[in-house]
Amino acid sequence: MEEISPGLENVYIKYTDLTFIDGNKGIMRYRGYDVNELAEKSSFEEASYLLLFGNIPSKEELKDFKNKISENLALPPYIHEIIKNAPENADALGIMQTALSALSETYINYQWKRDNDLKLIPKILGNTLSIVSNIYRIKNKLPIKDPVFDKNYATTFLKACFDKDVGEERSMAMDSALILYMDHEIPASTTSAIVTASTLSDMYSSLTSAIAALRGPLHGGAAESAYKQFEEIGYPDNVETWFNKNILQGKKRLVGFGHRVYRTYDPRLKTFKKYADELAETENQKKMLEIAKKLEGLGVKNFGSKGIYTNTDFYSGLVFNEIGFPLYMFTTLFGLSRISGILAHIMEYVETQERLIRPRAIYKGPGEKKYMQVD
Ligand code: ACO
């Protein structure tokens with residue numbers, strides 16, 4: 001008798017050398033390296049290289065990789081037009097998805113081969129930085145501009161968005177966020193990309209599938225929803241009443257809590273929480289942080305025994321806000337961070353284990369019916 005596996009829970013679809021997660025102990029590593037250590041000591045370029053090419057780059061390899069990314073920061077004019085012509089209220093992540101999808105036009109009949117794949121990586125990373133920074137610029141009525149590489153990927157991105165240096169600490173926080181969100185084994189978004197890549201569609205189309213899945217509040221949209229939850233609470237003194245009324249009475253789920261894989265704290269939380277503490281500057285940022293901490297305390301007290309703990313999105317939105325980004329950019333920043341991880345997974349799948357993904361559904365509908373024309 002066939003059975004379904006709802007949510008594909010505990011279904012394994014590939015082997016991987018990329019990210020290791022121990023959900024019970026709260027451990028996460030990229031190719032063996034602890035993710036918080038990478039976030040603290042390495043850079044987006046280094047961690048991307050590690051995931052995509054297989055090793056921490058040498059000085060020369062890193063320089064070459066950065067040069068190649070910087071050579072690919074200019075977008076084709078038709079992508080500028082897509083970003084410019086998006087309606088004022090268009091969703092930032094939706095524009096990113098559309099721009100990536102439009103780039104796939106030039107890669108129809110893409111030949112998946114390690115050499116081709118590796119050549120395309122700096123182009124995709126450079127292009128995506130430009131797409132996302134220009135989405136921010138358009139939303140803030142700034143002219144479209146191709147970024148100029150400055151020091152590293154994170155600093156280049158922030159300068160491209162804000163037209164100014166936001167300081168060392170904020171650049172480091174951005175760099176760490178890009179690393180912490182870079183990969184997470186195969187969540188819904190990466191799985192969507194793998195499904196698309198398994199048809200031997202191209203890399204850009206695979207990324208587009210991932211971005212679509214990232215949007216939902218159960219996944220990439222959670223940082224935005226968690227921040228909205230703090231806004232709804234409004235003041236630290238309201239936390240307990242709000243929690244009792246909404247969460248304990250089962251009216252809402254506590255956003256930024258719970259995870260399909262973790263039964264303890266999400267390991268990435270530690271670094272996000274540190275930056276949330278260090279960067280809180282304005283009265284509002286300090287107030288939001290206080291709300292978050294009080295709410296986290298109640299969440300852990302009430303749900304910890306069920307294995308439901310704080311996930312990374314509880315604090316990441318606070319950090320993005322403290323760096324200078326508005327709410328509507330949060331999921332798009334997550335998308336920007338995740339590109340390297342998604343590319344590494346689809347390459348790993350197609351290059352080594354390629355098999356068209358085509359699951360089955362068990363039919364439960366009516367038996368055969370006789371068709372009768374309306375008249
Ligand atoms: N608040 C309250 N209860 C929760 C929460 C939560 N955040 N998360 C899980 N539970 C409870 C459920 O009500 C359920 O209880 P029950 O067995 O008594 O019915 C039990 O825990 C299991 O919940 P499921 O939804 O089956 O667990 P699942 O593995 O599907 O949940 C998910 C994972 C979707 C992330 C869930 O924890 C959730 O909705 N969290 C809030 C949204 C969120 O923070 N998403 C970000 C995820 S991280 C990321 O994508 C980067």
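Our subject is the structure listed above.
Residues numbered from 1 in each chain as written. Predicted model: local features only at pLDDT ≥ 70, side-chain atom pairs only at ≥ 80, totals over all residues. Heavy atoms only, no water.

> Tell me about the site of the ligand, residues and numbers included.
Taken together, the neighbourhood of the ligand is formed by 16 residues, with Arg253, Leu254, Gly256, Phe257 and Arg260 sitting nearest. One of the side-chain nitrogen or oxygen atoms of Arg253 is found 2.9 Å away from an oxygen atom of the ligand. Against a free-state accessible area of 920 Å², the protein chains account for coverage of 68% of the ligand. With respect to the detected pockets, the ligand is housed in the largest pocket. (Near = heavy atom within 4 Å. Polar contact = N/O pair within 3.5 Å; in protein donor to acceptor, adjacent residues only side chain to side chain. Areas by Shrake-Rupley, 256 points an atom, 1.4 Å probe, with all protein chains shown as cover. 1 Å grid on protein atoms, 1.4 Å probe; cavity = no way out; pocket = protein on both sides within 12 Å on 5 of 7 lines; lining within 4 Å. Sits in = over half its atoms within 2 Å of the grid points.)

> Run through the nonpolar core, naming residues and quoting values.
In terms of nonpolar packing, the biggest core is built from 114 residues, with Ile131, Phe157, Met174 and Phe325 touching the most fellow members. A per-element tally of this core places helix α16 (residues 330-353) first, with 12 residues. Here this core spans two domains, and each of domain 1 (12-217 + 328-352) and domain 2 (222-323) adds at least three residues to it. (Core = buried A, V, L, I, M, F, W, Y, C linked by side-chain atoms within 4.5 Å. Buried < 20%, exposed > 50% of the residue type's maximum accessible area, 1.4 Å probe, protein only. Helix = DSSP H or I, 4+ residues; strand = E, 2+ residues; numbered from the N terminus. Domains from an automatic or database assignment.)

> Let's hear about the pairing of strand β1 (residues 19-22): which residues, and what values?
The pairing of β1 with strand β2 (residues 27-30) spans four bridges and is antiparallel. Paired with Asp22 across the strands is Ile27, a residue of β2. Two successive antiparallel strands, β1 and β2, enclose a turn made up of four residues, where Gly26 displays a positive phi of approximately 70°. (Pairing = 2+ DSSP bridges.)

> Describe in detail the packing of helix α10 (residues 203-214) against α16, supporting the description with residues and values.
Interaxial distance between α10 and α16 falls to 10 Å at its minimum, and their mutual angle equals 135°. One element, α10, and the other, α16, form an angle in the oblique class. Note on packing geometry: the crossing formed by α10 with α16 is right-handed. Along the contact surface, α10 presents Met203, Ser206, Leu207, Ala210, Ile211 and Leu214, while α16 presents Thr331, Phe334, Gly335, Ile339, Ile342, Leu343, Ile346 and Met347. Residue classes in the contact of α10 with α16 are distributed as 11 nonpolar, three polar and no charged. (Axes fitted to C-alpha atoms, helices over the stretch in contact; angles between N-to-C directions. Parallel < 35°, antiparallel > 145°, perpendicular 65-115°, else oblique. Left-handed = near helix turned anticlockwise from the far one by under 90°. Contact = heavy atoms within 4.5 Å. Nonpolar A, V, L, I, M, F, W, Y, C, P; charged D, E, K, R; others polar.)

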